[in-house]
Amino acid sequence: MAVLEKAELIANAAGRNVPETVNGRPQVPYMGVGKYRPTGMKASPPICSASDYPSDGDKRVPDLETALRKCGLRDGMVISSHHHLRNGDRVALMALETAGHMGVKDLTWFPSASFPSQKSAIELMQAGVIDHIEGSMNGPLGDYCTQGKMRGMGVLRSHGGRWQAIQDGEVHIDIAVIAAPTADAFGNCDGSHGKSACGSLGFALADSLYADHVIVVTDNLVPFPCAPWQIQGNNVDYVVAIDSIGDPARIVSGTTQLTRSPDRLRIAEFVARFLRDAGIMRDGFSFQAGAGGIALAFVGYLKQMMKQAGVKARFVRGGSTKYLVELLEEGLTDYILDGQTFDLDGIRSIANNPRHVATSPLTSYNYHGKGNFASMVDAVVLGATEVDTHFNANVVTHSDGRLLHGIGGWQNCLASRCTILAVPSFRDRIPVIVDEVTTLCGPGELIDVVVTERGIAINPKRQDLLDATRGSTLPIRSLEEIQREVERICGGKPRRPKRGVRPVAVVKWVDGTVLDTVWQVE
Amino acid sequence: MTVATEIRTGEAGHSGPEIRSDLYVRIEPRDSGGLQIELESRVEAYYGDSIRKQAEEVLEALGVRDAQVLIRDEGALPFVIAARIEAAVRRAGLGEGTRVLPDRVDLPAPSDRDRIRRSRLYLPGSEPKYFINAALHGPDAIILDLEDSVHAAEKDAARLLVRNALRAVDFLCCERMVRINQLPLGLEDLDEVIPESPDLVLIPKVENPDQVMAASTRIAEIKADYGITRPIWLMPILESALGIENAFAIAKASDQSVALTIGLEDYTADLGVVKTSTGAESLYARQRVVNTAHAAGLQAIDSVFGDVGDMEGLRAWGLNSRGLGFEGMGCVHPTQIPVVHEAFAPGANEIERAQKIVAAFHDAQQKGLGVVSLGSKMIDPPVVQRALKLVARAQAMGLIH
């Protein structure tokens, strides 16, 4: 199978050296924002006949092994899973371990994201059950990859990029294993109810539509119909009922705590004031903020300013939390368009409030479609591990080259009308503003504002934002100025760690082209 | 021939997964073999070489040429690295009489006697992670604390850290205050920090004027030794019943005193009463401080409000405090700063009325009239004086232009 050999490299339009082939497949190097427009037809799953499925709709089989065997599991297949159960998920590993017991080798695991609790996937890679992971890797899995121990090359994609890759036929899913907090025997699934409720199931939607075989695993089997359904049973082959699909305490957090860090609060307040002073916060506007400490605090500050100004949003985009739910319930937004649900308030809301709508990577993010929601959002607040003085940003690796985070929806969100990176100016003496990012994940032309605790830098390409905030009391400065100040505090420019020479993973752009390479850490 | 001295292992600082911006260093002096530096650092890839080089330079300057050195670094900034190594060397019984000083940032303009002192943000003297961004939160002053927030065993090390912070950290427009320890230990603090020109020294647990004089005299001596001419003001803290009784003598003890404040934790402990969020038990003492301060021509500054989560309680305390005649109070968390500033700001009505009085005063002056009147009402001179003061204060706070 795809043992990592010496890869041929080619410089892409961003000047980054990327492999021409990845795991045996030829690649298109990144060509620039909006430059690559492929033609042809989308991938499609095989035609099936209802006569091959039970007419009473009962697709239950006794266990996961039976389901995998009936799906024709064999060496080298691609097995997919979703990450709505986050660090509490039990199903993905259960499926992969079962495959291991069945003696299967060289699988590609294609999760929508992996989590630290899934670190025993390393043992499955060492045993040869998994050849490589295509999906976000962090913590122990990220280290395993960047140490060059994974046999195949990692492929990091955004949520929208994953849909694009499935839809365009870059990744063909042989068997999708979908963990469902509630399901019926026909395979209809819902994420908002049941003891393992996680809210939306959007990340599993593409898998259900495009995989050759689909297995639903649930710990809350209800009589037909499971309504409302987010996954249609018509795409499902087998249903397996088990005791527990995940650890509820690690699926959602009971209460989302606001940060007390004064620096983070300061950054959050700056972001909110920026939206107000730049005129972005106005009646009918929209924004997206995640569940990180700064993003949550930002929502709190913005809420106060919205009340003071008497404006409300038309929609906000999650990951939803208590703080977005409060906006909805207090009438400060008409809708939450939710990609994933982070806490118990979010679950309660999405289960009961028709204005709290589950979305999928198709509606929100997919670049190879007829538009998506991301580009319609007035402002998005994101994090980053590094940003360079040309506003290029990194979100996957630490400055030492180790994989730290997945891309998530980050790349897709850059399509927003105003993309704001909210970052501390340094972490543990390591400056966040650098001369050149370790790994390029977001082209600077799409990043409009960088907010740090020491000042706010506006991309010179956004003269409109510079004009709009002239006269604001916000500390608007150049990135270079903030960089110099931080380097003085930190005792000079950090030495750049020596980059490895062997590619261990690639970062895809939203259109499926290869934006950058993650190198083995020496 | 060198004289044999007692050689012992010296260690200083902190490391561990929860520690940020600090480091642990252990020094075992040897007879020979040069410097053997073992470094573990979470920023090794970026600053490993820089840390080793700095460690060698600091040790060299302190006269340590042969030693086994272990450093566990959690992303400490250079001024912290230098202070921790110096502390370890001194604890090893070496480096006596030598200071290794980090690069100095430009000193801010000297502090005015009656500058605005609404808020002072407490920074524990042994927690360097809080120093670097403290000024960004906009307090009127930062206060590097060597007293209650520093463990007795850490006083020597904290002193070096605070000294280096005064030199190397840019505290922007903040007045740079240091709270020394209760005398006589506080005098040793002064020896280390005064050469770095703090703007103001808080003297804790003052009970008689001699204590203020002792500190004042020591500061004057060190200033003379180092040729420091800019002012270093004093703020005595009254923290006991006796201190309150001797308040006026204490307030008048030094012409370098600019403010008088009260420490309520110790004061209520001295009285054996429970400290409440409304402060009824300390009302007399606080009013006494206000009255004394005004009688002595000093600012009256209130204690702190300790419950960081209770913003409404803080606001109420601040408003009440201003109503009593205090001009500011301490902050134990940066989120308290805007609330305190709001509470100690004069209200819009107050400012408006004061501006009218000031305008009437200027009008009377121009016309050569001895009496200031607003409408049909005659305004007494003290009222005019208060209005002038209030308008100047509102201007300094940026409330009016």
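**As for the overall build of chain B**
The secondary structure content of chain B amounts to 13 helices and 14 strands. Along the first, second and third principal axes, the C-alpha atoms of chain B reach 90 × 45 × 45 Å. Among the 401 residues that make up chain B, the fraction classed as buried is 45%. For chain B, contacts bridging at least 24 residues in sequence account for 72% of all contacts bridging at least 6.

**Some remarks on the nonpolar core**
Generally speaking, nonpolar side chains in soluble globular proteins are found buried as a group. Within the largest apolar cluster, 268 residues are counted, with the highest numbers of intra-cluster contacts made by Ile178, Val271 and Phe298 of chain A. With nine residues, the single largest contributor to this core is helix H2 (residues 78-91) of chain B. Beyond its immediate sequence surroundings of up to four residues, valine 271 of chain A is in contact with Phe298, Val381, Ile420, Ala422 and Val451 of chain A. Of all hydrophobic cores here, the second largest spans seven residues; its members include Ile351, Ala354, Phe361 and Ala387 of chain B.

**Brief notes about the packing of helix H1 (residues 44-61) of chain B against H2 of chain B**
Residue and element names in this part refer to chain B. Interhelical geometry of H1 versus H2 gives an angle of 45° and a closest axis separation of 10 Å. It follows that H1 is oblique to H2 by the angle criterion. The way H1 lies across H2 gives a crossing that is right-handed. Contacts between H1 and H2 involve Ile51, Gln54, Ala55, Val58 and Leu59 from the former and Pro78, Ile81, Ala82, Ile85, Glu86 and Val89 from the latter. A class-by-class count of the residues in the contact of H1 with H2 yields nine nonpolar, one polar and one charged.

**Digging into the pairing of strand S25 (residues 449-452) of chain A**
Residue and element names in this part refer to chain A. Across the two faces of S25 the burial is the same, with Val449 and Val451 and Val450 and Thr452 all buried. As defined by bridge partners, strand S21 (residues 419-422) adjoins S25 across three bridges and the pair is classed as parallel. Along S25, the bridge assignment pairs leucine 421 with valine 450. Pairing geometry for S25 and strand S26 (residues 455-458), over four bridges, is antiparallel. The residue bridging valine 450 from the neighbouring strand is alanine 457, located in S26. Remark: two residues form the turn of the hairpin made by S25 and S26, two consecutive strands paired antiparallel.

**Some points on the interface of chain A and chain B**
Across the boundary between the two partners, chain A contributes 18 residues, which contact 17 residues of chain B. Looking at the side of chain A that touches chain B, the elements with two or more residues in it are helix H8 (262-277) and helix H15 (479-490) of chain A. Take the side of chain A that touches chain B: its biggest share by element is four residues, from H8 of chain A. Tallied by class, the residues present in the side of chain A that touches chain B amount to seven nonpolar, three polar and eight charged.

**Describing unusual backbone geometry**
Residue and element names in this part refer to chain A. Residue proline 225 is bonded to the preceding phenylalanine 224 through a cis peptide linkage, with omega at 0°. Of note, proline 225 is situated in the loop between strand S12 (213-218) and strand S13 (238-241). Between alanine 227 and proline 228 the backbone carries a cis peptide bond, its omega angle lying at 0°. Checked against the element boundaries, proline 228 lands in the loop between S12 and S13. The phi angle at aspartate 106 is positive, at roughly 60°, despite the residue not being glycine. As for its position among the elements, aspartate 106 is in the loop between helix H2 (91-101) and strand S6 (107-111). Here phenylalanine 391, not a glycine, exhibits a phi torsion of approximately 70°, which is positive. Position of phenylalanine 391 among the secondary structure elements: in the loop between strand S19 (386-388) and strand S20 (393-394). Residue phenylalanine 391 is classed as buried on the basis of its C-beta count, with 24 C-beta atoms lying within 10 Å.

**A few points about the sheet that holds strand S1 (residues 10-13) of chain B**
Residue and element names in this part refer to chain B. An order of S1-S2-S4-S3 is seen for the four strands of this open sheet, with the pairing classed as mixed. With partners counted over all chains shown, the strands left at the sheet margins are S1 and strand S3 (35-41), one partner each. Averaged over neighbouring strand pairs, the angle between their axes works out to 10° when direction is ignored. Looking at chain direction, S1 and strand S2 (residues 23-29) are connected through four bridges and run antiparallel. Counterpart to alanine 12 in the pairing with S2 is valine 25.

**Quick word on the domain arrangement of chain B**
Annotation of chain B at the domain level lists domain 1 (10-91), domain 2 (119-344) and domain 3 (348-396). Distance from the C-alpha centre of domain 1 of chain B to the C-alpha centre of domain 3 of chain B: 61 Å.

**Looking at the sheet that holds strand S11 (residues 299-304) of chain B**
Residues and elements named next belong to chain B. Strand order in the closed barrel made by the eight strands is S5-S6-S7-S8-S9-S10-S11-S12, with parallel pairing throughout. For this sheet, the mean angle separating the axes of adjacent strands, direction not counted, is 25°. Of the pairings in the sheet, the one linking strand S7 (residues 175-179) to strand S8 (residues 200-203) comprises three bridges and is parallel in character. Bridge assignment links methionine 177 to a residue of S8, and that residue is leucine 200.

**With respect to the packing of helix H9 (residues 293-309) of chain A against helix H10 (residues 322-329) of chain A**
Axes are the key here: two packed helices are described by the angle between their axes and the distance separating the axes. Residues and elements named next belong to chain A. Axis separation between H9 and H10 bottoms out at 9 Å; the angle between their running directions is 25°. Considering their axes alone, H9 and H10 lie roughly parallel with respect to each other. Residues Leu296, Val299, Gly300 and Lys303 of H9 form the contact with H10, whose own contacting residues are Tyr323, Leu324 and Leu327. Its residues assigned to classes, the contact of H9 with H10 comprises five nonpolar, one polar and one charged.

**A look at helix H4 (residues 139-146) of chain A**
Three or more residues of H4 of chain A are buried, namely Leu141, Gly142, Tyr144, Cys145 and Thr146 of chain A. Residues of H4 of chain A that are buried in the fold lie against helix H3 (121-126), strand S7 (130-133), strand S8 (154-156), strand S27 (503-508) and strand S28 (514-519) of chain A.

**A short note on the domain arrangement of chain A**
All names here are of chain A. Taken domain by domain, chain A consists of domain 1 (58-134 + 171-251) and domain 2 (262-501). Placing the centre of domain 1 and that of domain 2 at their C-alpha centroids yields a distance of 32 Å. The interface of domain 1 with domain 2 comprises 13 residues on the first partner and 15 residues on the second. Its residues assigned to classes, the side of domain 1 that touches domain 2 shows six nonpolar, seven polar and no charged.

**Describing the pairing of strand S9 (residues 233-238) of chain B**
Residues and elements named next belong to chain B. The element S9 is largely enclosed, with a buried count of six among its six residues. Burial along S9 is two-sided: the residues Trp233, Met235 and Ile237 and Leu234, Pro236 and Leu238 are all buried. Of the pairings in the sheet, the one linking S8 to S9 comprises four bridges and is parallel in character. From the neighbouring strand, leucine 202 faces S9, where its bridge partner is methionine 235. As judged from the two bridges shared by S9 and strand S10 (residues 259-262), these two strands associate in the parallel manner. The partner of isoleucine 237 across the bridge, within S10, is threonine 261.

The rules we used
- Residues numbered from 1 in each chain as written.
- Chains lettered and ligands numbered in written order.
- Predicted model: local features only at pLDDT ≥ 70, side-chain atom pairs only at ≥ 80, totals over all residues.
- Helix = DSSP H or I, 4+ residues; strand = E, 2+ residues; numbered from the N terminus.
- Buried ≥ 20, exposed ≤ 12 C-beta atoms within 10 Å, placed from the backbone.
- Contact = placed C-beta atoms within 7 Å.
- Core = buried A, V, L, I, M, F, W, Y, C linked by C-beta atoms within 7 Å.
- Axes fitted to C-alpha atoms, helices over the stretch in contact; angles between N-to-C directions.
- Parallel < 35°, antiparallel > 145°, perpendicular 65-115°, else oblique.
- Left-handed = near helix turned anticlockwise from the far one by under 90°.
- Nonpolar A, V, L, I, M, F, W, Y, C, P; charged D, E, K, R; others polar.
- Pairing = 2+ DSSP bridges.
- Domains from an automatic or database assignment.

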